[in-house]
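Fold and contact review
Take a look at the letters that make up each chain.
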Amino acid sequence: MTIREAVQKAKKCLEEHQVPDYEIDALLLLQSVCGIDRARYYACAGEELPDADRYLEKVLLRAGRIPLQQITGEQYFCGLKFIVTEDVLCPRPETELLVEEALKKMKEGGRFLDLCTGSGCIAVSLLCLGKDLTGCGCDLSAAALRIASENAKLHGVTDRLELLQGDLFDAVCGTYDMIVSNPPYIAAGKIDTLMEEVKDHEPRMALDGGMDGLDFYRRILKDAAVHLNPKGWLLMEIGYDQADAVRSMFDEDRYEQVRVLKDLAGLDRVVCGRRSD
Ligand code: GLN
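It should be emphasised that the depicted structure is a prediction, and the values quoted were computed from it without experimental measurement. (Residues numbered from 1 in each chain as written. Predicted model: local features only at pLDDT ≥ 70, side-chain atom pairs only at ≥ 80, totals over all residues. Heavy atoms only, no water.)

Time to look at the overall build of the chain. Looking only at helices and strands, one finds 11 helices and nine strands in the chain. Along the longest, intermediate and shortest principal axes, the C-alpha atoms of the chain span 70 × 40 × 35 Å. The buried share of the chain, taken over its 277 residues, is 50%. Within the structure as shown, the chain displays about 13300 Å² of accessible surface, and the carbon and sulfur contribution to it stands at 50%. Mean positive and mean negative side-chain charge positions of the chain (34 and 48 charges, respectively) differ by 2 Å. (Helix = DSSP H or I, 4+ residues; strand = E, 2+ residues; numbered from the N terminus. Buried < 20%, exposed > 50% of the residue type's maximum accessible area, 1.4 Å probe, protein only. Areas by Shrake-Rupley, 256 points an atom, 1.4 Å probe, with all protein chains shown as cover. Lys, Arg positive; Asp, Glu negative; His and termini not counted. Charge placed at Lys NZ, Arg CZ, Asp CG, Glu CD.)

By the criterion of burial, strand E4 (residues 133-139) is predominantly enclosed, with six of the seven residues buried. Alignment of strand E3 (residues 110-115) against E4, held across six bridges, turns out to be parallel. Considered in E4, the bridge of Leu115 is made with Cys138. Once you follow E3 into helix H7 (residues 121-129) and on to E4, the crossover reads as right-handed. Note that E4 and strand E5 (residues 161-165) share five bridges and pair parallel. By the bridge assignment, Cys138 is partnered in E5 with Leu164. Read as a crossover between parallel neighbours, the route from E4 over helix H8 (residues 142-154) to E5 is right-handed. (Pairing = 2+ DSSP bridges. Right-handed = clockwise from strand over helix to strand, strands pointing away.)

Further remarks concern the packing of aromatic side chains. For the structure shown, the criterion picks out three aromatic pairs. Summarising the aromatic geometry, the rings of Phe77 and Phe82 are spaced 6.1 Å apart at their centres and angled 75° between planes, so their arrangement reads as edge-to-face. The buried category is assigned to Phe82, whose relative accessible area is 0%. Over the ring of Trp233 we find Lys105, and its NZ or CZ is 4.3 Å from the ring centre. Looking at Arg219, its charged tip hangs above the ring of Phe216, at a distance of 5.8 Å from the centre. (Phe/Tyr/Trp six-rings, centres within 6.5 Å; stacked < 30°, edge-to-face > 60°. Lys NZ or Arg CZ within 6 Å of the ring centre and 35° of its normal.)

Bringing the side chain of Lys105 into the picture now. As for its placement among the helices and strands, Lys105 is situated in helix H6 (residues 96-105). A distance of 2.6 Å separates the side chain of Lys105 from the side chain of Glu101, its partner in a polar contact. Look past the residues within four positions of Lys105 in its chain and what remains in contact with it is Met178, Trp233, Leu235 and Cys272. (Polar contact = N/O pair within 3.5 Å; in protein donor to acceptor, adjacent residues only side chain to side chain. Contact = heavy atoms within 4.5 Å.)

This is the structure we're talking about:
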């Protein structure tokens with residue numbers, strides 16, 4: 001089978017299964033499985049594809065609506081490559097805003113805590129891109145922590161990242177200059193309305209924010225101040241319609257400079273505040 005024939009077969013199969021952006025995914029899988037990038041595909045489409053079977057096997061997985069990143073095993077975030085499996089939420093581009101803002105607030109260095117670290121994309125990016133930072137990443141899922149640890153290794157930051165298993169602050173002791181988190185924030189009843197890739201293949205515990213999606217913000221705000229150093233920052237990613245609810249949870253006596261930041265799509269995406277004493 002030629003490269004062109006294989007790609008045509010892949011596109012047809014993905015289209016039949018209503019895979020969003022199926023033409024792009026057919027080419028991205030060709031690159032990931034066979035090492036043939038788009039330029040080479042256009043130049044050499046008439047050549048034989050020796051590993052066509054392996055390619056079409058992966059295409060079938062994608063037709064089953066497994067996220068592309070779980071098939072290729074990777075996703076870029078903040079310009080860095082991260083290992084991704086079905087045990088972690090796939091890093092999203094809008095989460096880069098949280099990292100960008102955290103870096104601005106930690107220019108002088110310091111120690112941060114990343115709650116619900118998942119793949120570790122936030123913590124590892126902070127350590128790679130910031131100066132004089134050390135961090136701690138927590139997650140309830142041991143499987144997720146294994147991926148976070150691999151990602152820390154991949155980027156050579158294991159000596160600056162402690163990983164703890166526990167429910168939010170349960171395993172945490174001590175205080176930090178900053179707490180960051182992208183917690184689960186989808187209302188439980190809404191999960192079934194999400195894309196198949198997300199609702200059927202991403203870890204439910206990374207999505208489910210309880211009845212109204214706000215459970216983690218309530219629990220984090222309850223305990224964050226005691227784990228922050230004076231004037232320490234708390235930054236959390238939020239859903240596009242959660243800004244008012246989460247902003248009002250920041251207790252005025254304990255936090256100042258509370259702000260909501262918008263992502264590149266113009267949607268409310270990050271809430272931050274500073275311990276006031
Ligand atoms: N902190 C991880 C991320 O931003 C995981 C978030 C989660 O599991 N809700 O991708």
